[in-house]
Amino acid sequence: MNQMNPSVKSSPLFYGWIVVLITFVTLLVAAGIRAMPSILMLPFEKEFGWTRGGISGVISVGIFLYGLVGPFSAALLVKFGIRRIMLISLSVLAISLSVTPWMTHLWQFQILWGLVAGLGTGMMANVLGVTVSNQWFVKRKGLVVGMLTASAATGQLLFLPLLAKIIVDIGWRYAIYTTVAVIVVLIGIVAIWMRNHPYDLGIAAYGADEVAKPDAFKGSIFLTPIKTLFSALKNKTFLLLAGTFFFCGFSTNGLIGTHLIPACGDHGIPEIMAAGLLALMGLFDLIGTTLSGWLSDRFDNRWLLFWYYGLRGLSLLFLPFALDAGPTSLLIFSVFYGLDWIATVPPTVKLASVEFGREKAGMIFGWVVVAHQIGASAAAYSGGLVREWLGSYTLPFLGAGFICLIAALMAVRIARKPVIAVS
């Protein structure tokens, strides 16, 4: 057993909260990087002459790989340790972004952002948050997952307005340099303070009475997640969770995260103001998703998903009107939609954990996230194509609204499981 200063065991602050904070910041940065193409789209159109559809295609590939790596990331995190995988992923991102300012062709953007950044950020996606919560917490898991999920929204809150301002004032390359500097600092923080498991410090997980050695990963890093998928495909709950999450991805980062800023540009709204709208959504989602985590520990998660998807669908049906109506209507949309941006994650994680157990929860949720990112990838690419064909985003926004209403009905068809109350 790795030993640490005995004061750690008697400290009033559980070290797992420090791990959660580091994970929160890491996911925040990864989310900010994943959201950057939305503010790079217009500068790239202007400088390189790339089409909206071509750039959307790159973003689509990145979103897909971001999701696809999730189940394998869950296996890697357990086998090699959270800290090591985080350091490798951050280093890969730093290298990829450092090369970006010298690219001149669309295929180079595809490699750096579609392939490398997609895989790098995918290693630090929601599966990382689920793994940390499972390793360090027995109680308060829903709250922790909610907090870590909300970090994606906070990444937009902190990064997009700042980076949009840098792009407008001194150019997109300096926005990239700023991001690389942040990653370098984060690598140092992870290297010094991140820990894999409470057992490394000789302490029990939060809510547990005894120090327990983590279960060793069994099986193949590549084959075990695939076998888990084939087993899960026979389960109705998994199919419904994956289906609703497909619609979730289609209606969030794939469509709004990628195309809201260009859509605002089509209506004469400045890029910095449009990035501010996404940041405002991030602020309210920080509240909404954290609250969703708290609620998921206490209420029927099926009905939580029903309300989340239903309200999101209504807000998306309102969006085309809001774009034409002006700033006040867009402000209302941003608040209403923002509260529900990724509030669906904690109930989905909870349902997957109850159905498949703690040991398989990470990989199962990883495959659910794959469905999410396939939906997001489809929305990112099709949204750009429809905009080129019709000259408007109205049809994609309305379509996303209607499929969210379908997702709401799917959620209540998930098999009911007993709710375990927590203190």
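Here the residue numbering is sequential within each chain, running from 1 through the sequence in written order. Given that the model is predicted, a residue must reach a pLDDT of at least 70 before its local features are reported, and side-chain atom pairs must reach 80 or more before they are shown or counted; all residues, however, enter totals for whole chains, interfaces and linings. Hydrogens and water are ignored here; the side-chain numbers use all heavy atoms of the structure.

S.K.: Account for the packing of helix H15 (residues 301-325) against helix H19 (residues 394-411), naming residues and giving values.
M.R.: To obtain an axis, a line is fitted to C-alpha atoms, over the contacting stretch when the element is a helix, and the angle between two such axes runs from 0 to 180 degrees between their N-to-C directions. Working definition: helices are DSSP H or I runs of at least four residues, strands are E runs of at least two. Numbering for both runs from the N terminus. Axis separation between H15 and H19 bottoms out at 7 Å; the angle between their running directions is 165 degrees. Classified by the angle between their axes, H15 and H19 sit roughly antiparallel to one another. Considering only the axes of H15 and H19, their crossing is left-handed. For the pair H15 and H19, the contacting residues are Arg 302, Leu 305, Phe 306, Tyr 309, Gly 310, Arg 312, Gly 313, Leu 316, Leu 317, Leu 319, Pro 320 and Leu 323 in the first and Thr 394, Phe 397, Leu 398, Ala 400, Gly 401, Phe 402, Cys 404, Leu 405, Ala 407, Ala 408, Leu 409 and Ala 411 in the second. Put simply, Ala, Val, Leu, Ile, Met, Phe, Trp, Tyr, Cys and Pro go in the nonpolar bin, Asp, Glu, Lys and Arg in the charged bin, and everything else, Gly too, in the polar bin. Residue classes in the contact of H15 with H19 are distributed as 18 nonpolar, four polar and two charged. What sets the label is the angle itself: under 35 degrees gives roughly parallel, over 145 gives roughly antiparallel, 65 to 115 gives roughly perpendicular, and the rest give oblique. Helix crossings get a hand from a simple test, with the near helix turned counterclockwise from the far one by less than a right angle marking a left-handed crossing and a clockwise turn marking a right-handed one. The contact rule is simple, with two residues in contact once any of their heavy atoms fall within 4.5 Å.

S.K.: Give a detailed account of the confidence of the model for the protein chain, specifying residues and quantitative values.
M.R.: The score called pLDDT rates the predictor's confidence residue by residue, from a low of 0 to a high of 100. A residue-level look at the protein chain finds 94% of positions with pLDDT of 70 or above and a mean pLDDT of 84. Segment residues 1-7: pLDDT under 50, and 10 contacts once partners within four positions in sequence are set aside and those in other chains are kept. Here residues 419-423 is modelled with pLDDT under 50, and outside its nearest four sequence neighbours on either side it reaches 11 contacts, counting other chains as well.

S.K.: Could you give an account of a nonpolar patch on the surface, with specific residues and numbers?
M.R.: Each patch is assembled from residues with relative accessible area greater than 30% and no salt bridge, linking like charges that lie within 9 Å and nonpolar side chains (Val, Leu, Ile, Met, Phe, Trp, Tyr) that lie within 5 Å. What sets the accessible areas is the Shrake-Rupley method with a 1.4 Å probe; for residues, cover comes only from the shown protein chains. The salt bridge definition used is simple: a Lys or Arg side-chain nitrogen within 4 Å of an Asp or Glu carboxyl oxygen. Residues Leu 223, Ile 226, Phe 230, Leu 233 and Leu 239 make up a contiguous nonpolar surface patch of roughly 450 Å² in combined accessible area. Within the fold, Ile 226 resides in helix H11 (residues 223-232). Residue exposure (1.4 Å probe, protein chains only): buried if accessible area is under 20% of the type maximum, exposed if over 50%, otherwise partly exposed. According to the relative accessible area criterion, Ile 226 is partly exposed, its value standing at 31%.

S.K.: Explain the environment of Gly 81 to me, using residue names and the numbers behind them.
M.R.: Within the secondary structure layout, Gly 81 lies in the loop between helix H5 (70-80) and helix H6 (82-99). Residue Gly 81 is classed as buried on the basis of its relative accessible area, which comes to 7%. Considering only alpha carbons, one finds Gly 81 and Val 368, 287 residues apart in sequence, at a separation of 22 Å. If near-sequence neighbours (up to four positions away) are discounted, Gly 81 is found in contact with Leu 76 and Asn 196.

S.K.: Mind laying out the nonpolar core, listing which residues take part and the relevant values?
M.R.: Nonpolar cores were defined as sets of buried Ala, Val, Leu, Ile, Met, Phe, Trp, Tyr and Cys residues, with membership established by side-chain atoms within 4.5 Å. Grouped together as the largest cluster of nonpolar side chains are 133 residues, with contacts concentrated most on Trp 113, Val 132, Trp 136, Phe 238 and Ile 256. Discounting residues that sit within four places of it in the chain, Val 132 has contacts with Val 19, Val 20, Thr 23, Ile 82, Phe 137, Leu 148 and Met 194.

S.K.: Just give me the short version of the packing of helix H2 (residues 15-35) against helix H3 (residues 37-48), but keep the residues and values in it.
M.R.: The description of two packed helices rests on the angle between their axes and on the distance between the axes. At a minimum axis distance of 6 Å, the contact between H2 and H3 shows a crossing angle of 30 degrees. Taken together, the axes of H2 and H3 are roughly parallel relative to one another. When H2 is examined against H3, the residues Ile 33, Arg 34 and Ala 35 are found in contact with a partner set consisting of Pro 37, Ser 38 and Ile 39. By residue class, the composition of the contact of H2 with H3 is four nonpolar, one polar and one charged.

S.K.: Describe H11, with residues and values.
M.R.: Of all the positions in H11, only Thr 224, Pro 225, Thr 228, Leu 229 and Ala 232 are classed as buried. Considered in projection along H11, the buried side chains sweep an arc of 140 degrees and stay on one side of the axis. Exposed residues lying more than 90 degrees from the buried face of H11 are Lys 227 and Phe 230. Arc definition: it is the arc formed by the directions from the helix axis to the C-beta atoms.

S.K.: Give a detailed account of the side chain of Thr 100, specifying residues and quantitative values.
M.R.: For Thr 100, the position within the fold is in the loop between H6 and helix H7 (106-122). Contacts described as polar in this section are N or O atom pairs within 3.5 Å, which, within protein, must combine one atom able to donate a hydrogen with one able to accept it, while residues neighboring in sequence count only if both atoms come from side chains. Of note is the side chain of Thr 100, whose polar atom sits 3.0 Å from the backbone oxygen of Ser 96. For Thr 100, the residues in contact, after removing those within four places along its chain, are Leu 112, Trp 113, Trp 172 and Ile 176.

S.K.: Requested: an account of the pattern of salt bridges, with residues and values cited.
M.R.: Opposite charge on two side chains permits pairing when their charged atoms draw close. The tally for this structure, following the rule as stated, stands at five salt bridges. Across the pair Asp 300 and Arg 302 runs a salt bridge whose closest N-O atoms are separated by 3.0 Å. With respect to burial, Asp 300 and Arg 302 carry one shared label: buried. Where Arg 312 meets Asp 340, a salt bridge forms, and the shortest distance between an N and an O atom there is 4.0 Å. Of the two residues, Arg 312 is situated in helix H15 and Asp 340 in the loop between helix H16 (327-338) and helix H17 (345-356); the sequence distance between them amounts to 28 residues. For Arg 312, a relative accessible area of 1% corresponds to the buried category. Under the relative-accessibility criterion, Asp 340 is labelled buried at 5%.

S.K.: So what's going on with the state of the cysteines? Residues and values would help.
M.R.: Note on disulfides: each one is a pair of cysteine sulfur atoms within 2.5 Å. On inspection of all chains with the given rule, the structure shows zero disulfides. Distance from the sulfur of Cys 264, which forms no disulfide, to the nearest cysteine sulfur (Cys 404) is 18 Å. Its relative accessible area of 0% is what places Cys 264 among the buried residues. Cys 404 takes part in no disulfide bond, and the closest cysteine sulfur, belonging to Cys 248, lies 7.6 Å away.

S.K.: Describe in detail the side chain of Asn 235, supporting the description with residues and values.
M.R.: Along the chain, the position of Asn 235 falls in the loop between H11 and helix H12 (236-251). Here the side chain of Asn 235 touches Phe 238 through a polar contact of 3.1 Å, landing on its backbone nitrogen. Apart from residues no more than four positions distant in its own chain, Asn 235 is found in contact with Glu 355 and Phe 356.

S.K.: A description of H7 should follow, citing residues and the corresponding values.
M.R.: To get the bend at a given residue, fit one axis to the seven residues ending there, fit another to the seven starting there, and take the angle between those axes. Of all the bends found along H7, the most pronounced is centred on Val 116 and spans about 30 degrees. For H7, the set of buried residues is Gln 108, Phe 109, Leu 112, Trp 113, Gly 114, Ala 117, Gly 118, Gly 120, Thr 121 and Gly 122. As for H7, its buried residues are in contact with H2, H3, helix H4 (52-68), H5, H6 and helix H10 (172-193).

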